[in-house]
Amino acid sequence: MYLAINVLGVVVFLTTGFLFSKDKHHIHWRSIGIMLALNLILAWFFTSFSVGQNAVKAAADGFNWLVKVSYQGIVFALPNWVTPAFGGTASSMNFITSALLPVLMIVPLFDILTYIGVLPWIIKWIGRGLSFITGQPRFESFFAVEMMFLGNTEVLAISGIQLRQMRAERNLTLAMMSMSCVTASILGAYTQMVPGQFVLTAVPINVINAIIVTNLLNPVQVAPEEDTIAKVGAEGQDSTGKREPFFSFLGDSILTAGRLTLIIVANVIAFVALAALVDKLLALIWKPLSLESILGVIMFPFAWLLGFPVHQAWILSQDMGLKLVTNEFVVMGKVAGSVINGYSPHLRAVLTVFLTSFANFGTTGMIIGAFKGLVDKEKNDLIAKNVGYMLLSGILVSLLSAGVVGLFVW
C-alpha cells in the first residue's frame, strides 16, 4: 500500500508543477518523459543493483577518506578538537570539527581540479551528453551539471556573459534551478552526518529533476540561434584573461574555503537560535506550539505522499519544515548518527535525499544577490518578483527526488 502511495506522490508532485506552470501549452512533455525515465533508471541502478550500490558506496567512501585526510591538518593546529582515532586528544568531536573544518582542504582540492582543467572537461562532456539525451537547451544542461560540482552562486559568478546575453525568462529558469543544487566540495560534510550512499545518489537525480521542474513551472522556447554557450570566465584567470600563478590562486581558494566555513557556522548558529526564540514566543501563546510543529503540519501531506504510515510521516514532516526555514546542516546535525540509523530504510533514504540540496528560504536571497551584480535591472526584477516560484521549484525538486529514490528502498 505504501509503495502505491509513494507512486501517487510522484504523480502529485509532477501535477503540482503543471498546475503552477507559467505556460502550460509549451511544456516539453517528451523531454520530461525522457528525463523522468532516466531518473527512475538511475535510482533503480544505484539502490537495487550491487554494481550501482558499490559505485555509490565507493564514492561516499572516497569523500569520507578525504575527510579523514583533512583531519591531519586539523590535528596539527587544533589537536584537542580531534579524537584519538584520528590523532588528536579530544574525547569527542563537535559539528564544526567533524563536518565543517574538512571543507578547508576539500574546497581547494576541487579548485585545483578546476585550475588544471579536469573538472571543466568533466562538466562539459556530461552537460553535452545530458543535452543530447534530454533535448534540453545546451546552456541549461551545462548549467545543471556545473551546479552539481561548483554550487549556485559560484556558477552564476562565472556565467555573467551568458546571463546578460539570454532573455529574462531563461535567467529565471536558471534562478529556479539554482535552488536545487549542492556543491561537490561540501558533500564530505554531508556524508559525516547522514548515509553517504543516499547523499551521492541524490546528486545526479537532483540535477535531472531541477530540469524537469523548471520545464514544468517555466517552459521557455529556445530557438536554435539562441541555443549557444558564450565563453565564460575561467577559474584561475585574472581580469585580463591571463592565467593566475598557481600559489596565488591556491591562496585565494583557501581563503574562500575559510569564508564558506564561517558563513555556514554563522548561519547554523543564527538560524538555530532564532528558531529557538520563535519557539519560546509561540510557547507563550500555547505551550506545545513551535515553529517546527507549524511547518510540520504544512509539510505533513507531502511527507505522507512519500509512502509512510502516519507516525513516520509526522517525523519526516518536522525535519522537512525545519530544513526549509533553516538549512540542511541544521537538520543533518539534529538527526546525525544513532537517530537516523534508527529510522526505517525507507525513511532514512527519503529524508537523506530530501535534505541533499540548498533549497531553503535563505538561498533565495543568495541567488537574487548574485543576479543583482550580474544582469540588468529588468532581468533582476523578474527574478525578485518570482521568489515564490523559486521556493516552489526547490521544494518540488527535493520532493520529487526523495519520491523517486524512495520507490526502490523499503
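Residues numbered from 1 in each chain as written. Predicted model: local features only at pLDDT ≥ 70, side-chain atom pairs only at ≥ 80, totals over all residues. Heavy atoms only, no water.

Under an unreviewed UniProt entry, the chain has the name NupC/NupG family nucleoside CNT transporter and belongs to Levilactobacillus tujiorum. The record in UniProt for the chain states the following under Subcellular location (unreviewed entry): "Cell membrane". According to UniProt, the comment filed for the chain under the heading Sequence similarities (unreviewed entry) is "Belongs to the concentrative nucleoside transporter (CNT) (TC 2.A.41) family." (UniProt positions renumbered as here; feature names shortened; annotations may be inferred.)

Novice: In this structure, what is going on with the overall build of the chain? I would like to understand it.
Specialist: In terms of regular secondary structure, the chain is built from 21 helices and zero strands. Radius of gyration (C-alpha) of the chain: 21 Å, near the 22 Å computed for a compact globule of 410 residues. Principal axes of the C-alpha set define a box for the chain whose edges measure 60 × 55 × 50 Å. The buried share among the 410 residues of the chain stands at 53%. By sequence separation, contacts in the chain at least 24 residues apart represent 75% of the contacts at least 6 residues apart. (Helix = DSSP H or I, 4+ residues; strand = E, 2+ residues; numbered from the N terminus. Rg over C-alpha atoms; globule rule 2.2 N^0.38 Å. Buried < 20%, exposed > 50% of the residue type's maximum accessible area, 1.4 Å probe, protein only. Contact = heavy atoms within 4.5 Å.)

Novice: What is the right way to read the nonpolar core from this model?
Specialist: The tendency in soluble globular proteins is for nonpolar side chains to be buried side by side. Membership of the largest hydrophobic core comes to 117 residues, with the highest contact counts inside it found for Leu-187, Tyr-190, Ile-212, Leu-316, Phe-329 and Phe-371. No other element matches helix α12 (residues 196-217), which puts 14 residues into this core. The residues contacting Leu-187, other than those within four sequence positions of it, are Phe-63, Val-182, Val-199, Leu-200 and Val-203. (Core = buried A, V, L, I, M, F, W, Y, C linked by side-chain atoms within 4.5 Å.)

Novice: Mind showing me how you'd approach empty space enclosed by the protein here?
Specialist: Gaps left between atoms show up when a probe the size of a water molecule is rolled over them. The full count for this structure, using the stated rule, is two cavities of 30 Å³ or more. Empty space within the largest cavity amounts to approximately 120 Å³. Along its surface, the largest cavity is lined by 13 residues, and Gln-136, Pro-137, Glu-140, Thr-173 and Asn-215 are the ones closest to its centre. Within the residue set of the lining of the largest cavity, elements represented by two or more residues are α10 (168-178) and α12. Per-element tally for the lining of the largest cavity: the top contributor is α12, with three residues. Tallied by class, the residues present in the lining of the largest cavity amount to six nonpolar, six polar and one charged. In this structure, the second largest cavity spans a volume of roughly 50 Å³. Ala-144, Met-147, Met-148, Ser-180, Cys-181, Val-182, Val-203, Asn-206 and Val-207 are the residues that line the second largest cavity. (1 Å grid on protein atoms, 1.4 Å probe; cavity = no way out; pocket = protein on both sides within 12 Å on 5 of 7 lines; lining within 4 Å. Points joined across faces, edges and corners; volume = space filled by probe spheres on them. Nonpolar A, V, L, I, M, F, W, Y, C, P; charged D, E, K, R; others polar.)

Novice: Just to check I follow, could you spell out the packing of helix α3 (residues 50-77) against α12 for this structure?
Specialist: If you want to describe how two helices pack, look at the angle between their axes and the distance between the axes. Axis separation between α3 and α12 bottoms out at 8 Å; the angle between their running directions is 105 degrees. One element, α3, and the other, α12, form an angle in the roughly perpendicular class. Taking contact as the criterion, the partners of Val-56, Ala-59, Ala-60 and Phe-63 in α3 are, on α12, Gly-196, Gln-197, Leu-200 and Thr-201. Its residues assigned to classes, the contact of α3 with α12 comprises five nonpolar, three polar and no charged. (Axes fitted to C-alpha atoms, helices over the stretch in contact; angles between N-to-C directions. Parallel < 35°, antiparallel > 145°, perpendicular 65-115°, else oblique.)

Novice: So what exactly am I meant to see when it comes to the pattern of salt bridges here?
Specialist: Opposite charge on two side chains lets them pair, provided their charged atoms get close. Under the definition given, this model contains four salt bridges. Residues Lys-57 and Asp-61 are paired through a salt bridge, measuring 2.9 Å at the closest nitrogen-oxygen approach. Placement of both Lys-57 and Asp-61 in helix α3 is noted, with a separation of four residues, approximately one turn of the helix. Looking at Asp-61, the relative accessible area reads 36%, which means it is partly exposed. The residue Asp-319 makes a salt bridge to Lys-334 at a minimum N-O spacing of 2.9 Å. With Asp-319 in helix α15 (residues 310-325) and Lys-334 in helix α16 (residues 328-335), this pair connects stretches of sequence that are 15 residues apart. Given a relative accessible area of 39%, Lys-334 falls into the partly exposed group. (Salt bridge = Lys/Arg side-chain N within 4 Å of Asp/Glu carboxyl O.)

Novice: Help me out: how do you make sense of the UniProt feature "domain: Concentrative nucleoside transporter N-terminal" (unreviewed entry) in the chain in this one?
Specialist: Under the local residue numbering, the UniProt record ascribes the feature "domain: Concentrative nucleoside transporter N-terminal" (unreviewed entry) to residues 8-79. Each end of residues 8-79 is marked by a C-alpha atom, and these two atoms are 51 Å apart; helix forms 83% of the span and strand 0%.

Novice: Just checking my understanding: could you explain the environment of Cys-181 for this structure?
Specialist: Along the chain, Cys-181 turns up in the loop between α10 and α11 (187-191). Spatially, the C-alpha atoms of Cys-181 and Leu-156 are 12 Å apart, while their sequence positions differ by 25 residues. Residue contacts for Cys-181: discarding those within four places in its chain leaves Met-147, Gly-151, Asn-152, Ser-357 and Phe-358.

Novice: Sorry, what's going on with the layout of surface pockets here?
Specialist: In this structure, the second largest pocket spans a volume of roughly 380 Å³. Ile-126, Met-148, Phe-149, Val-203 and Pro-204 are the residues nearest the centre of the second largest pocket, which is lined by 18 residues in total. Those elements giving two or more residues to the lining of the second largest pocket turn out to be α2 (29-48), α6 (118-134), α7 (138-150) and α12. Among the elements that make up the lining of the second largest pocket, the one with the highest residue count is α12 (five residues).

Novice: Honestly, the packing of aromatic side chains in this entry has me stumped. Any pointers?
Specialist: The relation between two aromatic rings is expressed through the spacing of the ring centres and the mutual angle of the planes. Evaluated as defined, the whole model comprises 12 aromatic pairs. Between the aromatic rings of Tyr-115 and Phe-246, the centroid separation amounts to 5.5 Å while the plane-to-plane angle is 70 degrees, which identifies the pairing as edge-to-face. Here Tyr-115 is found in helix α5 (residues 103-115), whereas its partner Phe-246 is found in helix α13 (residues 246-285), with 131 residues between them in sequence. Owing to a relative accessible area of 28%, Phe-246 belongs among the partly exposed residues under this scheme. One aromatic cluster is present, formed by Trp-44, Phe-45, Phe-46 and Phe-49 through successive ring pairs. Positioned above the aromatic ring of Trp-125 is the side chain of Arg-128, whose terminal nitrogen or guanidinium carbon lies 4.7 Å from the ring centre. (Phe/Tyr/Trp six-rings, centres within 6.5 Å; stacked < 30°, edge-to-face > 60°. Lys NZ or Arg CZ within 6 Å of the ring centre and 35° of its normal.)

Novice: Where do I start with α2 in this structure?
Specialist: Residues separated by three or four positions in an α-helix point in the same direction, a consequence of the helix having 3.6 residues per turn. Taking 1.5 Å of rise per residue, the 20 residues of α2 would be expected to cover 28 Å, and the 28 Å separating its terminal C-alpha atoms lies within 8% of that figure. Turning to α2, its buried residues are Ser-31, Ile-32, Met-35, Leu-36, Asn-39, Leu-42, Ala-43, Phe-46 and Thr-47. Buried residues along α2 cover an arc of 130 degrees about the axis, so they all sit on one side. Residues Arg-30 and Ile-41 are exposed on α2 and point more than 90 degrees away from its buried face. Taken together, the buried residues of α2 touch α1 (2-19), α3, α6, α12 and α21 (387-406). (Expected span 1.5 Å × (residues − 1). Arc of directions from axis to C-beta.)

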